[in-house]
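Breakdown of the fold
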Amino acid sequence: MMTGNPILSDAAMRAQQLEAQYSRKLKDLRQAKEDELAQVDERHKIIKNTYRIERIRIKEDFSLRRLNLKTRIAHLHDQRANLRHALSVDADTTGMGDLEDFTNRIEALQKQVIGLERQMVSALNDAEAAFDNRCKDNAEERRTINKHYINQADELHQQYLEAVEKNRQARQQEEGGAQ
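Presented here is an overview of the structure given in this document. These numbers come from a predicted model, not from an experiment.

What to know about the overall build of the chain
- When helices and strands are counted, the chain shows two helices and zero strands.
- Per-residue burial over the chain gives 19% buried out of 179 residues.
- Once local pairs closer than 6 in sequence are excluded, the contacts in the chain between residues at least 24 apart make up 83%.
- For the chain, the exposed area adds up to about 13200 Å²; of that, 51% sits on carbon and sulfur atoms.
- Side chains of the chain carry 30 positive and 31 negative charges; the gap between the two charge centres is 2 Å.

Here it is as structure tokens:
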């Protein structure tokens, strides 16, 4: 019983080795791509967490400022109420201040509270814009990686096709020479 033409089995073996080598390189290429994309995903998680922390920090900072202003307003309200009471009972108000001054200071602090709200919204919008830019950079990096590995896979495939063609030509020459 014949086991087959040794030239054909060599050609088949070369084809099998070529296929195995191509599959291994393609698998390695895909794994490298997945590893790089996983790093990009990890950086995106860090960017997202940093953004969340920044939003919390901004809100806490402005809450503390607002609380400080409202505490000062409440203190001025109390002082003004004490002055009004002293004026209503004809008590000595020397050193207690002026009603108009208290009212002006309270109004100025209330304007600062309103300004703080606007500043907080602006700071939150700036943080969001920075986050969006980082996300765009991250997405661009992701696209670049994908494009790079698509090109690498295309190049690997072209090399594989060229090697298949060389093997086919070598097999034809061997078969033609064997006849």
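The discussion continues.
Overview of the pattern of salt bridges
- By the definition in use, this model includes eight salt bridges.
- Where Arg143 meets Glu140, a salt bridge forms, and the shortest distance between an N and an O atom there is 2.9 Å. Of this pair, Arg143 and Glu140 both sit in helix α2 (residues 99-178), three residues apart, which is roughly one turn of the helix.
- According to the relative accessible area criterion, Glu140 is partly exposed, its value standing at 41%.

Describing the environment of Leu124
- Summarising the element assignment, Leu124 is placed in helix α2.
- For Leu124, a relative accessible area of 10% corresponds to the buried category.
- When the C-alpha atoms of Leu124 and Asp154 are compared, they prove to be 44 Å apart, with 30 residues separating the residues in sequence.
- Apart from residues lying up to four places away in sequence, Leu124 is in contact with Arg55, Ile58 and Lys59.

Section: the nonpolar core
- Ranked by internal contacts, the top residues of the largest apolar core, which has 19 residues, are Ile58 and Phe62.
- Elements with a minimum of two residues in this core: α1 (6-88) and α2.
- Per element, the largest residue contribution to this core is 11 residues, and it comes from α2.
- The contacts of Ile58, once residues within four sequence positions are left out, are Met120, Ala123, Leu124 and Ala127.

Looking at the packing of aromatic side chains
- Per the stated rule, a full pass over the model turns up two aromatic pairs.
- Seen in terms of ring centroids, Tyr22 and Tyr160 are 4.3 Å apart; in terms of plane orientation they differ by 20°. Their pairing is stacked. Pair noted here: Tyr22 is in helix α1 and Tyr160 is in helix α2, with a separation of 138 residues, a long-range link. Comparing Tyr22 with Tyr160, the two get one shared label, buried.
- When the centroid spacing of 4.3 Å and the interplanar angle of 10° are considered together, the rings of Tyr51 and Phe131 count as stacked. Taken as a pair, Tyr51 in helix α1 and Phe131 in helix α2 lie far apart in primary sequence, 80 residues in all. Each of the two residues, Tyr51 as well as Phe131, counts as buried.
- Positioned above the aromatic ring of Phe62, the side-chain terminus of Arg65 is 4.7 Å from the ring centre.

Points about the side chain of Arg80
- Relative to the helices and strands, Arg80 resides in helix α1.
- The charged side chain of Arg80 is buried without a salt bridge, its nearest counter-charge being Glu107 at 6.5 Å.
- Each residue touching Arg80, except ones within four places of it in the same chain, is listed here: Leu99, Phe102, Thr103 and Ile106.

Concerning unusual backbone geometry
- Positive phi outside glycine occurs at Asp90, with the angle close to 55°.
- Its location among the elements puts Asp90 in the loop between α1 and α2.

Rules used in this analysis
Here the residue numbering is sequential within each chain, running from 1 through the sequence in written order. Where totals are concerned, whole chains, interfaces and linings use all residues; where local detail is concerned, this predicted model gives features only for residues with pLDDT of at least 70, and gives and counts side-chain atom pairs only at 80 or more. Side-chain calculation: all heavy atoms of the structure are included, whereas hydrogens and water are not. Starting at the N terminus, helices and strands are each numbered in turn, a helix being any DSSP run of H or I of at least four residues and a strand any DSSP run of E of at least two. Type-normalised accessible area, obtained with a 1.4 Å probe on protein chains alone, sets the label of each residue: buried when under 20%, exposed when over 50%, and partly exposed for intermediate values. Contacts are assigned to residue pairs with any non-hydrogen atoms lying within 4.5 Å of each other. Reported accessibility uses the Shrake-Rupley method at a 1.4 Å probe radius. Residues are deemed covered only where the shown protein chains occlude them. The charge count treats Lys and Arg as positive and Asp and Glu as negative. His and the chain ends do not count. Working definition for charges: the position is that of NZ of Lys, CZ of Arg, CG of Asp or CD of Glu. In what follows, salt bridge is the name for a side-chain nitrogen of Lys or Arg lying within 4 Å of a carboxyl oxygen of Asp or Glu. In this description, a nonpolar core means a group of buried Ala, Val, Leu, Ile, Met, Phe, Trp, Tyr and Cys residues linked to one another through side-chain atoms lying within 4.5 Å. Aromatic rings from Phe, Tyr and Trp, taking only the six-membered ring of Trp, are treated as a pair when their centres fall within 6.5 Å; an angle between ring planes under 30 degrees marks them as stacked, one over 60 as edge-to-face, and anything in between as tilted. Definition used: whenever NZ (Lys) or CZ (Arg) falls within 6 Å of the ring centre and also within 35 degrees of the ring normal, the charge is taken to sit over that ring.

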